[in-house]
Amino acid sequence: MSTYSIGLLLPLLGTMLGSAFVFFMRNEIPVLPYLLAFAAGAMLYVVVEELIPEASQGKHSNLSTIGFAVRFVLMMILDVVLG
């Protein structure tokens, strides 16, 4: 098995196990939605900081991350309100 195959297989298995955990334990763990929201927010932070090169350049790099978060929250609010 090549390194490329392992690199694709590990996230796939992790996603499958995480989905099964959420599906079977959703009634057992009342804080699960909050934990998932925290995990999603952490992933968005990593994506903005690491994968968008312009977001981490310059002396005001945190400002671009905060701006992205504010705009994302605004987009989610508009999505829920305007349906």
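This text follows the structure it describes.
Quantities reported herein were computed from a predicted structural model and do not represent experimental measurements.

Peer 1: Help me get a handle on the overall build of the chain, residues and values and all.
Peer 2: On a plain count of helices and strands, the chain comes out with 3 helices and 0 strands. Secondary structure elements of the chain, listed N to C terminal, follow the sequence α-α-α. In terms of overall size, the chain is more extended than a compact globule, its C-alpha atoms giving a radius of gyration of 17 Å where 83 residues would be expected to give roughly 12 Å. In terms of principal-axis extent, the alpha carbons of the chain reach across some 40 × 40 × 20 Å. Within the chain, the fraction of its 83 residues that count as buried is 8%. As displayed, the chain has an accessible area near 7200 Å², and 74% of this comes from carbon and sulfur atoms.

Peer 1: I'd like a description of helix H2 (residues 32-51), backed by residues and values.
Peer 2: Between its first and last C-alpha, H2 extends 27 Å over 20 residues, near the 28 Å set by a 1.5 Å rise per residue. Every buried residue of H2 is listed here: Leu 32, Val 48 and Glu 49.

Peer 1: For a nonpolar patch on the surface, give the residues involved together with the corresponding values.
Peer 2: Taken together, the side chains of Met 43, Tyr 45, Val 46, Val 47, Leu 51 and Ile 52 present a nonpolar region at the surface, about 560 Å² in accessible area. If you trace the backbone, Val 47 turns up in helix H2.

Peer 1: Describe the environment of Glu 54, listing the residues and the values that go with them.
Peer 2: Locating Glu 54 in the fold gives a position in the loop between H2 and helix H3 (61-82). Exposure remark for Glu 54: the relative accessible area of 58% places this residue in the exposed category. As for Glu 54 and Ser 64, which are separated by 10 residues in sequence, their C-alpha atoms are 8.7 Å apart.

Peer 1: Explain the packing of aromatic side chains to me, and be specific about the residues and the numbers.
Peer 2: All chains considered together, the criterion is met by 1 aromatic pair. Where Phe 68 meets Phe 72, the ring centres are 6.2 Å apart and the plane angle is 20 degrees; that geometry is what we call stacked. Highlighted residues: Phe 68 and Phe 72, both in helix H3, separated by 4 residues, approximately one helical turn. Residue class for Phe 68 comes out partly exposed when judged on its relative accessible area of 32%.

Peer 1: Please provide a residue-by-residue account of H3, values included.
Peer 2: The end-to-end C-alpha distance of H3, which contains 22 residues, comes to 32 Å, matching closely the 32 Å that a straight helix rising 1.5 Å per residue would cover. Buried-residue contacts for H3 involve H2. Immediately downstream of H3, the backbone of Gly 83 shows phi near 50 degrees, a positive value.

Cut-offs applied
- Along each chain, the written sequence defines residue order, and numbers are assigned to residues from 1.
- Per-residue local features of the predicted model are confined to residues with pLDDT of at least 70, and side-chain atom pairs are confined, for both listing and counting, to 80 or more; whole-chain, interface and lining totals are unaffected and use all residues.
- To get the side-chain values, all heavy atoms of the structure are used, and hydrogens and water are removed first.
- Strands here are runs of E lasting at least two residues and helices are runs of H or I lasting at least four, both read from the DSSP assignment and numbered beginning at the N terminus.
- Each radius of gyration is computed over the set of C-alpha atoms, and the globule rule expresses the reference value as 2.2 Å times the number of residues to the power 0.38.
- To sort residues, take the accessible area from a 1.4 Å probe on protein chains only and compare it with the maximum for the residue type: under 20% means buried, over 50% means exposed, and anything in between is partly exposed.
- Here the open area of atoms and residues is found with the Shrake-Rupley method and a 1.4 Å probe, where only the protein chains shown may cover a residue.
- Here, expected helix span is obtained from the residue count minus one, scaled by 1.5 Å.
- Surface patches are defined over residues having more than 30% relative accessible area and no salt bridge, joining like charges when they lie within 9 Å and nonpolar side chains (Val, Leu, Ile, Met, Phe, Trp, Tyr) when within 5 Å.
- Salt bridge, as used here, is a side-chain nitrogen of Lys or Arg placed within 4 Å of a carboxyl oxygen of Asp or Glu.
- Two aromatic rings from Phe, Tyr or Trp, using only the six-membered ring of Trp, form a pair when their centres are within 6.5 Å; if the ring planes differ by under 30 degrees the pair is stacked, by over 60 it is edge-to-face, and anything between is tilted.
- It only takes one pair of heavy atoms within 4.5 Å for two residues to be counted as in contact.

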